[in-house]
Amino acid sequence: MENTVLLLLIILGLVIWFWYDTLAAREHATRSAREICHLQGLQLLDASVALQRVRLQRSGTGRLVLQRTFQFGYSSDGYQRMTGFVITLGNRVEQVGL
């Protein structure tokens, strides 16, 4: 019984950590999407990014970290919607694509 409670607390802690870590990565991705759209003269649609994929990846130092792919909508004329992406490794933006 005590082991079950401990296991549930560990799982709950991991879920909370994942949620907060994903929110931080999402903020970085949103900022990057906003910047790239501004630099290219494009309109960022919905003013946000959406989490598309999460996987484990090795960082430059060899540590396993979460790689997240976010998608966002943008438009050059306000009518035609196109999709871009931001890839983060941990909380660092690795790649932005239009």
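Residues numbered from 1 in each chain as written. Predicted model: local features only at pLDDT ≥ 70, side-chain atom pairs only at ≥ 80, totals over all residues. Heavy atoms only, no water.

Can you walk me through the pattern of salt bridges in this structure?
Two side chains of opposite charge can pair, provided their charged atoms sit close to one another. Per the stated rule, a full pass over the model turns up three salt bridges. With a closest N to O distance of 2.8 Å, R68 and D21 form a salt bridge. Of this pair, R68 sits in strand β2 (residues 64–75) while D21 sits in helix α1 (residues 2–40), and the two are 47 residues apart along the sequence. Of the charged contacts in the structure, one is a salt bridge between R81 and D46, with a shortest N-O distance of 2.4 Å. Pair noted here: R81 is in the loop between β2 and β3 (82–89) and D46 is in strand β1 (residues 43–58), with a separation of 35 residues, a long-range link. Look at D46 and you get exposed, because its relative accessible area is 61%. (Salt bridge = Lys/Arg side-chain N within 4 Å of Asp/Glu carboxyl O. Helix = DSSP H or I, 4+ residues; strand = E, 2+ residues; numbered from the N terminus. Buried < 20%, exposed > 50% of the residue type's maximum accessible area, 1.4 Å probe, protein only.)

Help me out: how do you make sense of the side chain of Q67 in this one?
With respect to the helices, strands and loops of the structure, Q67 is situated in strand β2. Classification of Q67 by relative accessible area gives buried; the value is 12%. A polar contact is formed between the side chain of Q67 and the side chain of R55, at a distance of 2.6 Å. Setting aside chain neighbours within four positions, we find Q67 in contact with R53, V54, R55, Q57, I87, T88 and L89. (Polar contact = N/O pair within 3.5 Å; in protein donor to acceptor, adjacent residues only side chain to side chain. Contact = heavy atoms within 4.5 Å.)

Help me out: how do you make sense of the environment of R63 in this one?
Positionally, R63 belongs in the loop between β1 and β2. Assessed through its relative accessible area of 59%, R63 is described here as exposed. Those residues in contact with R63, other than ones at most four positions away along the chain, are Q57 and R58.

It is worth stressing that arrangement in space is one thing and function is another; only the former is reported here.
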